[in-house]
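# Descriptive structure summary
The chain contents come next:
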Amino acid sequence: MPDGLNVDYDGLIPNNVGLNEDLRVRRALETWHPGYIDWWKGMGPEGFQDALVYLRTAISVDPEGWAKFGFVRMPEYKWGILLAPAVEGRTIPFGAHKGEPAWQDVPGEYRSMLRRLLVIQGDTEPASVEQQRHLGRTAPSLYDLRNLFQVNVEEGRHLWAMVYLLQKYFGRDGREEAEALLQRRSGHQDTPRMLGAFNEATPDWLSFFMFTTFTDRDGKMQLGALAQSGFDPLSRTCRFMLTEEAHHMFVGESGVARVIERTCQAMRDAGITDPTDVERVRALGVVDLPLVQKKINLHFSLTLDLFGNEISTNAANSFNAGVKGRYREEQIEDDHLLRDATYPVLRLRDGAIVEEQVPALSALNMRLRDDFVADASGGLRKWNALIARAGFEYRLALPHVAFNRRIGEFAGLHADIDGRVLGDGEWGGAKDGFLPSLDDNLYLTGLMQPVREPGEYAGWIAPPKWGVDGKPGGFEYVRIEG
Ligand code: BYC
C-alpha cells in the first residue's frame, strides 16, 4: 500500500491512490489506456515517438524530491496518478459550506457542476499537446526540444489526473467523458476543443514560449482556484499539478528572455540603436522587439478570454457551493462568503470603458483575471530589465484588457492596446501594428530552422544559463535515432 508520498510503480499505471485495491477504477483506467496511447501516437509530438528523451518523471509527491530524470521513449512514459498528501482534518475554506469537513465523495447536488469543471480542465491538457505537435520539427536546440516534450508529457499526465477523477467518482458518465476527451481535436471544425485559446495554432517557437508564459499561467490560476475546492480529491490533484505547471511557465518565460537577450546582443554588435528599425534588425536574423510585443498582445488577449465572462453566475454558483474558490483563498482576509462584498469590474457603457462596483460573488472570474494580470506582470518586468541592461529604451507592455477580446464585456469591441475604443475603419488600419501580420508570421516561419547538434542553438535565441538537471552545455537531451 503506498504511503501517500511514494508512488506505487508495480502496475501499468503508477499511482499513490491505492489503485491495486480499487479494481473497478483500475480496470476502467486500463481500458482507457490503449485509446490514450493511440491518441498520443496519432496526435502527440510528430516524428519523435521513437526518440529517447531525457525526461523527468514524478516518483513521489514529496515537494523535497518528487522527480527522477532519465532517457525515455515518450509512448513508454510512466503517466501516473498522483495526489498531494491529504491534509488531516481539512475543512471547506469558503462558500455556503465553509467550515464543514471537506468532501471525500461528490455531493449529489454538485455533481454536474463538478463534472463540467473537470471536463473543461481535462480538455485543455490534450488540446495543448495537439497544438504543439509540429514544433519538434523546428526546435532551435536539443535543450528546447526536450523542454517541449517535458511539457507535453506532463500535460498528458494532467489529462490522466482529470480522467482518474471522472472515472473514480462519476461512474458511467465519467467513462463517457473520458472517452470524449480523446475524441475532440484542437482546431477541428466539427469537434473542436472546448475553450477558444486551445483551438488556436502554435505555429512557431515564439508562440510556444508565449503560450507557456501566458496560457499555462491561466492553468496556474485556475488550478490554484480548484485546489481550494471542498471536493478534496480535486484539491489534492490540483495541488500536485501546480508543482509541474511551474516548470512550464519557466520554459515560456526563460524562452522569451533568451529571444530578447539574443536580439539585444545582435543589435548591439551591429550598432543598431533603434529597436523599431525592424528591417535592419531582421536582416540580422533575430526577432525584432516590436514583433515580440505583437506576440505578447496576441497571447495575452487570447488567454484573458479563458477566464470567461467578467460577470458570471456560473462562477458565483461554484463559489457558493464550495466547489471552486479564489486564487490563494487562504491568504485573503475577508469572510470567504462574499454575501455583501463588491468588486470593481471594467464595463462597456455607451461606448466607453468604465469601472463599476458589482456584487463580488458575480465578479469572481474578473477577480481571478486580475490576479492573473498581476502575476503575468512579473515576467514582463524581467524581460524589460534585460532590454534596459542591454542599453535600449524600448519597453514591452501588457495590452489593455479590452484589446482583441472574444469573450466577456469587450467581445467584438475594437480597442487599441491602450484601451482606446476604435471605429471599424480605424481598427482595420491599425490592426497589423498590434497583432502579428502575415509578413511577421512569414518572417518567423523562415527563422524556424531546426538545430540538432548537441550544445548548439539557432541564431535567434541565446543558450540557457543552466542545463536541465545540472547537465553540461553539450549534453544530448534527445537521441533522435533512438
Ligand atoms: N471559450 O459564465 P461564464 C490549463 C462559456 S488552462 C469558450 O463566463 P464560467 C492549461 C462557458 O463555458 C485552465 N466558451 O463561464 C494551460 C459557459 O458555457 P455554458 C483550464 C467559453 O463557467 C495550458 C458560457 O460561456 N481550466 O489548465 O464562469 C496548457 C458562460 O460563461 C469561454 C479551467 O478553465 C471560452 N474562453 O467560466 C494546458 C478551469 N469562456 O456552460 C492546460 C475550469 C466561457 O453556459 N473552468 N465560455 O455552455 C472554469 O472554471 C470555467 O468554466 C471557465 C468559464 C473559467 C472556463
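Scroll up to find the structure.
Our subject in this report is the structure included herewith. Every residue gets a number counted from 1 within its own chain, in the order that chain's sequence is written. Residue-level local features of this predicted model are given only where pLDDT is at least 70; pairs of side-chain atoms are given and counted only at 80 or more, and the full residue set underlies all totals for whole chains, interfaces and linings. In computing side-chain values, all of the structure's heavy atoms are included and hydrogens and water are not.

## Let's talk about the overall build of the protein chain
This is how it is decided: Secondary structure elements are defined from DSSP: runs of H or I of at least 4 residues count as helices, runs of E of at least 2 residues count as strands, and each element is numbered from the N terminus. Only C-alpha atoms enter the radius of gyration; for comparison, a globular chain is expected to reach 2.2 Å times N to the power 0.38, where N is the number of residues. Categorising residues by exposure relies on relative accessible area from a 1.4 Å probe, with only protein chains included: less than 20% of the type maximum marks a residue as buried, more than 50% marks it as exposed, and the intermediate range marks it as partly exposed. Note that accessible areas follow from Shrake-Rupley with a 1.4 Å probe, and for residues the cover is restricted to the protein chains shown. Note on charges: Lys and Arg go in the positive column, Asp and Glu in the negative column, and His and the chain ends are not counted at all. Lys charges are placed at NZ, Arg charges at CZ, Asp charges at CG and Glu charges at CD.
Summing up its helical and strand segments, the protein chain has 12 helices and 5 strands in all. Taking 482 residues into account, the globule formula puts the C-alpha radius of gyration at 23 Å, and the protein chain, at 23 Å, falls close to it. Its C-alpha atoms give the protein chain principal-axis dimensions of roughly 65 × 60 × 40 Å. Residue burial in the protein chain is summarised as follows: out of 482 residues, 57% are buried. Roughly 19800 Å² of accessible area belongs to the protein chain as shown, and the carbon and sulfur atoms make up 49% of that amount. When the 54 basic and 69 acidic side-chain charges of the protein chain are each reduced to a single mean position, those positions are 2 Å apart.

## Quick word on the pattern of salt bridges
Side chains that differ in sign of charge can pair as their charged atoms come close. Spelled out, the test is: The working definition used for a salt bridge is a side-chain nitrogen of Lys or Arg within 4 Å of a carboxyl oxygen of Asp or Glu.
Applying the stated rule across the entire model yields 33 salt bridges. Close ionic contact of Asp22 with Lys168 constitutes a salt bridge, the shortest N to O distance being 2.8 Å. Of the two residues, Asp22 sits in the segment before helix H1 (23-43) while Lys168 sits in helix H3 (residues 142-169), which places them 146 residues apart along the sequence. Residue Asp22 is classed as buried on the basis of its relative accessible area of 17%. The class of Lys168 is partly exposed, set by a relative accessible area of 26%.

## With respect to the site of the ligand
Under the convention used in this document: Think of it this way: one heavy atom of a residue within 4 Å of a molecule or strand is enough to make that residue near it. Two N or O atoms count as a polar contact when they lie within 3.5 Å, although within protein this holds only if one can serve as hydrogen donor and the other as acceptor, and sequence-adjacent residues are included solely when both atoms are side-chain atoms. Each residue receives one of three labels: charged for Asp, Glu, Lys and Arg, nonpolar for Ala, Val, Leu, Ile, Met, Phe, Trp, Tyr, Cys and Pro, and polar for the others, Gly being one of them.
Taken together, the neighbourhood of the ligand is formed by 29 residues, with Gln121, Asn309, Ser312, Lys324 and Asn365 sitting nearest. Between the ligand and Gly196 there is a distance of 3.2 Å, counted from a nitrogen atom to a backbone nitrogen or oxygen. Lys324 is positioned with one of its side-chain polar atoms (N or O) 2.5 Å from an oxygen atom of the ligand. When the free accessible area of the ligand is taken as 1100 Å², the share hidden by the protein chains comes to 80%. For the shell around the ligand, the secondary structure elements donating two or more residues are helix H2 (111-131), helix H5 (205-226) and helix H9 (313-321). Per-element accounting of the shell around the ligand gives the leading share, 7 residues, to H2. For the shell around the ligand, the class distribution of residues is 10 nonpolar, 12 polar and 7 charged.

## Comments concerning the packing of aromatic side chains
Where we set the bar: Only the six-membered ring of Trp is used, alongside the rings of Phe and Tyr, when aromatic pairs are assigned; centres must lie within 6.5 Å, and planes under 30 degrees apart are stacked while those over 60 apart are edge-to-face, with the rest tilted. Charge-over-ring contacts are defined here by two conditions on Lys NZ or Arg CZ: a distance within 6 Å of the ring centre and an angle within 35 degrees of the ring normal.
Under the criterion given, the structure shown has 30 aromatic pairs. A network of ring pairs unites the aromatic residues Trp32, Tyr36, Trp39, Trp40, Tyr77, Trp79 and Trp160 as a single cluster. The ring of Tyr169 is capped by Lys168, whose NZ or CZ atom sits 5.7 Å from the centre of that ring.

## A few points about the packing of H2 against helix H4 (residues 171-183)
For clarity, the cut-off: Between the N-to-C directions of two axes lies an angle of 0 to 180 degrees, each axis being a line fitted to C-alpha atoms and, for a helix, fitted only over the stretch in contact. When describing relative orientation, an angle under 35 degrees is termed roughly parallel and one over 145 degrees roughly antiparallel, while 65 to 115 degrees is termed roughly perpendicular and anything else oblique. For any pair of crossing helices, the crossing counts as left-handed if the nearer helix is rotated counterclockwise from the farther one by less than a right angle, and right-handed if it is rotated clockwise. Contacts are assigned to residue pairs with any non-hydrogen atoms lying within 4.5 Å of each other.
Contact geometry of H2 with H4 gives a least axis separation of 10 Å together with a crossing angle of 20°. As the angle between them shows, H2 and H4 are arranged roughly parallel. H4 is crossed by H2, and the crossing has right-handed handedness. In this structure, H2 contributes Arg111, Arg115, Val119, Gly122, Asp123 and Pro126 to the contact, and H4 contributes Asp173, Glu177 and Leu181. For the contact of H2 with H4, the class distribution of residues is 3 nonpolar, 1 polar and 5 charged.

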